[in-house]
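Tertiary structure, described
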Amino acid sequence: MEKFMAEPITSMVELKEHFSNPDSPRNIPARMELYIMSLQKRLCDELGEIEGSPLTVDRWIRDPEPDGSPGGGGISCIAQDGTVFEKAGVNISVVHGTLSRQAIDQMKSRGKEIFADSVRFTAMGISCVIHPINPFIPTVHFNYRYFEIHGESEDKSNWWFGGGTDLTPTYLDRSDATHFHSALKTACDKHDVSYYPKFKKWCDEYFYIKHRGESRGVGGIFFDDMDYVTAEEGLSFIKSSGDAVFPGYITLVRRHLKDTFTEENVQWRLLRRGRYVEFNLVYDRGTKFGLYTPNCRVESILMSLPLNARWEYMNEPGPREQELLEVLRSPIDWC
């Protein structure tokens, strides 16, 4: 097994046992956990190289459940107040617990058939948000996850994959948006040519700030409840999507590292970060699920928020800023 940022949440002995046994019911969860550990390591190495210093690593363990069973935990890797990144976080979590009533109601609203009053779950995933200092380097977010419900019927609706990634620029660079979307389309087309247009549309709809009448950014892909493929196919798609962050986003960071900017550009970046905060706290399902989960770790859940944001009364954007707003109000096809 390759080196990770920290010791896995599940013991390596157990992971190796299930990883090497394709007939094990824990084979897919073990392979998913090892993949997100590997992706976290590769991405943190890239970010640390760009920043010039390694990310801070925080391995945490949740308190046991009331019945004494393990609650799982996670590994949070953070860069903060750097020279390139105002804040960048790459988190993995492997959590076990009992669904809260709010979480059950949220899942039922998406069509999940949950009949028991007390439902055990296992959730694991990787979540990353990168807020650069330079206003011409866009913010990126991605999250890829695997979810299991225990104690219900044994059909395939007991597990599903979900996730997505989206780009949030401060200033519109059409070539950046096209590049980012092209990388995602390439990843999707390896599995099903219908995925990219379907998941791109879903992303545009999901990351819409209703009270502002605009999208959070220029989109990407978003999908959830992927239980309509085999678990093997689902895991393979997660890997392709997760790996797309390197050609799709890291290339953009390096492209704009030396771009010059003004204080006016910074002030506009702060206003756009305010919109980011609004979406995450008002609409984001992942944030809500995390905060609804008993014994949740708030620091890791709110890692996605920027260090600084600004709300200015009746701001009047200039022509260049207005160009971004036009696209956010009417999403377009990038590739």
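These numbers were taken from a predicted model, which means no experiment stands behind them.

With respect to the element layout, Asp204 can be found in helix H5 (residues 195–206). When its relative accessible area of 15% is taken as the criterion, Asp204 is described as buried. Among the polar contacts listed, one links the side chain of Asp204 to the side chain of Lys200, at a separation of 2.7 Å. Not counting residues within four places of it along the chain, the set of residues in contact with Asp204 comprises Ser215, Gly219 and Pro331.

The subject of this paragraph is empty space enclosed by the protein. This model, assessed by the stated rule, comprises four cavities of 30 Å³ or more. Quantified by volume, the largest cavity comes out at close to 980 Å³. Lining the largest cavity are 47 residues, with Asn143, Gly286, Thr287, Phe289 and Gly290 sitting closest to its centre. Counting residues per element, the lining of the largest cavity draws most heavily on strand S4 (residues 120–132), at seven residues. Here the lining of the largest cavity is built from residues that sort into 21 nonpolar, 18 polar and eight charged.

At their nearest, the axes of helix H6 (residues 231–243) and helix H7 (residues 245–256) sit 6 Å apart, and the two run at 15 degrees to each other. As summarised for this structure, H6 and H7 are arranged roughly parallel, according to the angle between their axes. Seen from H6, the contacting residues are Ser241, Gly242 and Asp243; seen from H7, they are Val245, Phe246 and Pro247. For the contact of H6 with H7, the per-class residue count stands at three nonpolar, two polar and one charged.

Parameters at a glance
- Residues numbered from 1 in each chain as written.
- Predicted model: local features only at pLDDT ≥ 70, side-chain atom pairs only at ≥ 80, totals over all residues.
- Heavy atoms only, no water.
- Helix = DSSP H or I, 4+ residues; strand = E, 2+ residues; numbered from the N terminus.
- Buried < 20%, exposed > 50% of the residue type's maximum accessible area, 1.4 Å probe, protein only.
- Polar contact = N/O pair within 3.5 Å; in protein donor to acceptor, adjacent residues only side chain to side chain.
- Contact = heavy atoms within 4.5 Å.
- 1 Å grid on protein atoms, 1.4 Å probe; cavity = no way out; pocket = protein on both sides within 12 Å on 5 of 7 lines; lining within 4 Å.
- Points joined across faces, edges and corners; volume = space filled by probe spheres on them.
- Nonpolar A, V, L, I, M, F, W, Y, C, P; charged D, E, K, R; others polar.
- Axes fitted to C-alpha atoms, helices over the stretch in contact; angles between N-to-C directions.
- Parallel < 35°, antiparallel > 145°, perpendicular 65-115°, else oblique.

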